[in-house]
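Fold and geometry: a report
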Amino acid sequence: MSTVAKLESKPPQQEGIIKPAEAKSESTHAAKPDWVVRAIPFFYGWMILPISMVAQFATSPGQTYGVSLFNTHFSRDLALSPLDVSFAYMWGTIIASLPMSLIGGIADRFGLRSSMTIVVLIFGGSCLFMSQVSGVWTLFLGFLLIRMFGQGALTLLATTSVDMWFRQRLGFAVGIRNLSMPIALALFPLMSESLIENIGWRMTYVVLGIGVCGLMLPLLFVFFRNKPEDIGQLPDGVKSLPAEPGDLDQKPVDPDLHLPQFTMGEALLTRSYWILVALMSCWAMIATALTFVMVRFLESRGLSEDEAPVIFLCTALTMAICQFIGGWLADHVRLHWLMAAGAVGLAMSVICYANINSVYGAALFGLVFGAAQGVAVSGASSAWARYFGRAHLGKIKGSSMTWIVAGSAAGPYLLNLGAANLGGYEPVLWLFTAIFASLAVACMFCTPPRVKYPQPEF
């Protein structure tokens, strides 16, 4: 019996599998490669990978490590208190998190290339707007824009692009892609600090806005392609897939036919979706909180602001190493083990943070923190496509980005609020440790889902 016949013998929605007709349309490889693709002598996914890395780096003006460099300038030049700045940042980020599922759905429908082009243009314009902020409300609007289209939308589309091109080697590709994070963490603060010192923070935002568009738009127009099927290729660059044994027609099996293709409604009914969301949103919340108050926390421990770069450099070093190793492991070990190990490491990093009392302690925190993030993110990043398929991946990952971005907004506020009411940062840090320890246990149950009941489709 052929594979299609087997699938027709049972309700597709009850197995979380795309309908045969949809699978057939997904597997049409009649598209002819254009001149750019023909000029590349290897699998085109290896061209998409560096473009995704560049896009991830381009999100830096909207990331916490990028925004934190401007906070003192906002306070001084706009006559705002640190609480005003953090308040604008928190609410701008929370509201920015809301449309991520919608943006993912648009990418599913119209393609990543068109969606990313529009997002890059708006993000570049948002950086230009940041150069003109004049008070708390315009600062709030600026934060809303750069967080929505930088940290949120562009990150979502950049990461999803790699998911479309790789399957068996997805973990390895994700490990390489995620190297852009430590690279940005190491280079962007130095670059921005130099620009601020030489041309001022307002002109720095102008340069960043122009730079984002100038860097990304040529890559999108000339080199970016949505998925391998659009240019007559298959995921991972395989030439063809074997036919189903016993199939008299001996037609190649569609690459997605055996894999679950969950709708958004189906994904919401799985345990693994919510464990993944909890892990990534708590990671964003706590990592952002630790970074946002880092200088003040170091000063409370007798260290100076000059020691902060030690943490960033150590974090970037071990994150780069462990993301690459973690990506390789994601292709060879079960992902829930990888995520659990990352959560344990994150709990240990918070303990190291709470015990910083010297520059060596700061360096130790950076090393553990970077390694733990590398392992956890490698496992979680690979899980989305492997657990839920590619058909509705943009919408599913977009919904998770809503929680992730919202978590990053709440973290600094919760840590500062706890410190103000509990006499210091330490009680909140021990709470963060307990959260990661609990997530380590929960990740053991984050296994590939199998839907066995009717699901809402939306």
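Everything numeric in this text was worked out from a predicted model, so none of it was measured.

This part covers the packing of aromatic side chains. Throughout the structure, instances matching the rule amount to 24 aromatic pairs. Between F70 and F74, the ring centres sit 6.2 Å apart and the planes meet at 20°, which makes this aromatic pair stacked. Of the two residues, F70 and F74, both sit in the buried class. In this structure an aromatic cluster arises from ring pairing among F262, Y273, W274, W384, Y387, F388 and W403.

Attention now moves to the pattern of salt bridges. One pass over the structure, following the stated rule, counts 2 salt bridges. Between R76 and D77 there is a salt bridge; the shortest N-O distance is 3.3 Å.

What follows deals with the confidence of the model for the protein. Scored by pLDDT, the protein has a mean of 81; 86% of the residues are at 70 or more. When the elements of the protein are averaged for pLDDT, helix 2 (residues 20-26) gives the smallest value, 38, and helix 9 (residues 112-130) the largest, 95. When the criterion is pLDDT under 50, residues 1-30 qualifies, and its contacts beyond four places in sequence or with other chains add up to 56 contacts. The low-confidence segment residues 243-257, where pLDDT is below 50, has 36 contacts with residues more than four positions distant or belonging to other chains.

Right, let's talk about a nonpolar patch on the surface for a bit. The grouping of L317, I321, F324, I325 and L367 at the surface amounts to a nonpolar patch, some 430 Å² of accessible area in total. If you tally residues by element for the nonpolar patch, the top one is helix 16 (residues 308-330), at 4 residues. Inspection of the secondary structure assignment puts F324 in helix 16. Judged by its relative accessible area of 38%, F324 is partly exposed.

What follows concerns unusual backbone geometry. Backbone geometry at A79 places phi at a positive 55°, although glycine is not the residue there. Note that A79 resides in the loop between helix 6 (71-77) and helix 7 (82-96). Its relative accessible area of 68% is what places A79 among the exposed residues.

Reading the values: rules and limits
Residues numbered from 1 in each chain as written. Predicted model: local features only at pLDDT ≥ 70, side-chain atom pairs only at ≥ 80, totals over all residues. Heavy atoms only, no water. Phe/Tyr/Trp six-rings, centres within 6.5 Å; stacked < 30°, edge-to-face > 60°. Buried < 20%, exposed > 50% of the residue type's maximum accessible area, 1.4 Å probe, protein only. Salt bridge = Lys/Arg side-chain N within 4 Å of Asp/Glu carboxyl O. pLDDT = per-residue confidence, 0-100. Helix = DSSP H or I, 4+ residues; strand = E, 2+ residues; numbered from the N terminus. Contact = heavy atoms within 4.5 Å. Patch = residues over 30% accessible without salt bridge, like charges linked within 9 Å, V, L, I, M, F, W, Y side chains within 5 Å. Areas by Shrake-Rupley, 256 points an atom, 1.4 Å probe, with all protein chains shown as cover.

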